[in-house]
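# Observations on the model geometry
Chain by chain, the residues:
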Amino acid sequence: MGIPLLQTAKIGAYVLKQQIMRREKYPLVLMLEPLFRCNLACAGCGKIDYPAEILNQRLSVAEILEAVDECGAPVVTIAGGEPLLHKELPEAVEKIIQRGKFVYLCTNALLMEKKIDDYKPSPYFTWTVHLDGDKVHHDKSVCQDGVYEKAVSAIKLAKAKGFRVNINCTLFDGADPEAIAKFFDEVTALGLDGITVSPGYAYERAPDQQHFLNRTKTKTLFREIFKRGRGGKNWQFSQSTLFLDFLAGNQAYECTPWAMPCRNYFGWQRPCYLLGEGYAKTFTELMETTDWDSYGVGNYEKCSNCMVHSGFEGTAAKAALKNPLKLALLQMRGIETEKPMVADIPLDKARPAKFVFSAHVQQAMAKLKHEKPANQQKEIA
Ligand code: SF4
């Protein structure tokens, strides 16, 4: 199954504990970005558009572990940038696993075969390989030929070595449902442990602004894909079925941005993994001082088309907890693809977008200029 029983049980126990403690807002997955530097420059990526001085920065192992401990989430997803460029990452991963956390290491797989023996197979460790579709589609998506083949070769090697391996698939406007369904069949045949799928977020700094999906197009696309796989039952997703049901327009969810908080070089990102509208120094500060009500679909223009898993998986998880029977029936029957979609949250009262990107970048650049040369030595991995 997409999410192993051990993980489901441990997360269940964690959620129960939060409820007993009457915590309304709590994290499920820490989204860790230990660096922004990448060895690819994908058209739909809004994560790497920084000056070289910032791209050269890394979170140290100590900073990574501090974030893991402070946040307390049972799952840690390591993204970036390309995490395998971080030389100290194997040590960080080992220490995170020693803390009983489940680690999902995201990679474009270009360095995976070279670095694979720096990591050990474990039920607590999963490679998450970026693959947006078949060879033609993926290589176009990452703007480089040959990446798909390298990724598939690395997936096969990792499976042969006994690792858990997922893929992370981001879909954009123009994706062909037939081709995506066929792609899901093909990667499933590789023996994958799970597929994570999501529409791309319309990053304001992404080079390609033409191919982001709006809400209606997202729901239609996912219905067309699920239709071709018995309501999604043909494939092993490492996601809540209720989230997939939301993608297909059968649920109208508000997001739960604090469920997947993001820590990177700038600090704890407000309000979520997708939007950087300021940074808090500590996780507690993030949780206590973010004006959560001013974000989300219907509240903020930049959220209008967001249906990304990092924002809505937490909501789906909560809904599953409230109504486990609904989830069980959905898993049995598959996702509805024919009935009318549910009414979505109105967008007309959303406050206008604010553009704040340059403020924290300028602040960080000024800080870096004044730091000691010794600090600059940790830059290059
Ligand atoms: S809808 Fe929620 S998760 Fe999506 S960008 Fe807005 S705050 Fe973030």
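Residues numbered from 1 in each chain as written. Predicted model: local features only at pLDDT ≥ 70, side-chain atom pairs only at ≥ 80, totals over all residues.

In the nomenclature of an unreviewed UniProt entry, the chain corresponds to Hopanoid biosynthesis associated radical SAM protein HpnH from the organism Roseiterribacter gracilis. Turning to the chain, the UniProt annotation filed under Cofactor (unreviewed entry) states: "[4Fe-4S] cluster". (UniProt positions renumbered as here; feature names shortened; annotations may be inferred.)

## Points about the site of the ligand
Around the ligand there are 13 residues in total, and Cys 255, Cys 272, Cys 303, Cys 306 and Gly 311 lie nearest to it. Considering only residue class, the shell around the ligand consists of 11 nonpolar, two polar and no charged. (Near = placed C-beta within 6 Å. Nonpolar A, V, L, I, M, F, W, Y, C, P; charged D, E, K, R; others polar.)

## Section: the packing of helix 8 (residues 177-189) against helix 9 (residues 215-227)
Following both chains from N to C, one finds helix 8 and helix 9 inclined at 50°, their axes separated by 8 Å at the closest point. As judged from the angle between their axes, helix 8 and helix 9 are oblique. Helix-helix and strand crossings are classified by hand; for helix 8 and helix 9 the assignment is right-handed. Counting all contacts with helix 8, which are made through Pro 177, Ile 180 and Ala 181, the residues of helix 9 involved are Leu 221, Glu 224 and Ile 225. Split into classes, the residues belonging to the contact of helix 8 with helix 9 amount to five nonpolar, no polar and one charged. (Axes fitted to C-alpha atoms, helices over the stretch in contact; angles between N-to-C directions. Helix = DSSP H or I, 4+ residues; strand = E, 2+ residues; numbered from the N terminus. Parallel < 35°, antiparallel > 145°, perpendicular 65-115°, else oblique. Left-handed = near helix turned anticlockwise from the far one by under 90°. Contact = placed C-beta atoms within 7 Å.)

## Digging into the pairing of strand 6 (residues 194-199)
Among the six residues of strand 6, six are classified as buried, and the element is accordingly described as predominantly covered. With burial as the criterion, each face of strand 6 is covered, one bearing Gly 194, Thr 196 and Ser 198 and the other bearing Ile 195, Val 197 and Pro 199. Note: strand 5 (residues 164-171) against strand 6, six bridges, orientation parallel. Bridged to Leu 171 within strand 6 is Pro 199. The parallel pair strand 5 and strand 6, bridged by helix 8, forms a crossover whose chirality is right-handed. (Buried ≥ 20, exposed ≤ 12 C-beta atoms within 10 Å, placed from the backbone. Pairing = 2+ DSSP bridges. Right-handed = clockwise from strand over helix to strand, strands pointing away.)

## Thoughts on the pairing of strand 1 (residues 29-32)
The alternating pattern of strand 1 places Val 29 and Met 31 and Leu 30 and Leu 32 on opposite faces, both of which are buried. Bridge analysis of strand 1 against strand 2 (residues 75-78) gives four bridges, and the strand direction is parallel. Bridging across to strand 2, Val 29 finds its partner in Val 75. Sheet analysis places strand 1 next to strand 7 (residues 262-264), joined by two bridges and oriented parallel. Note on strand 7: the bridge partner recorded for Met 31 is Cys 262.

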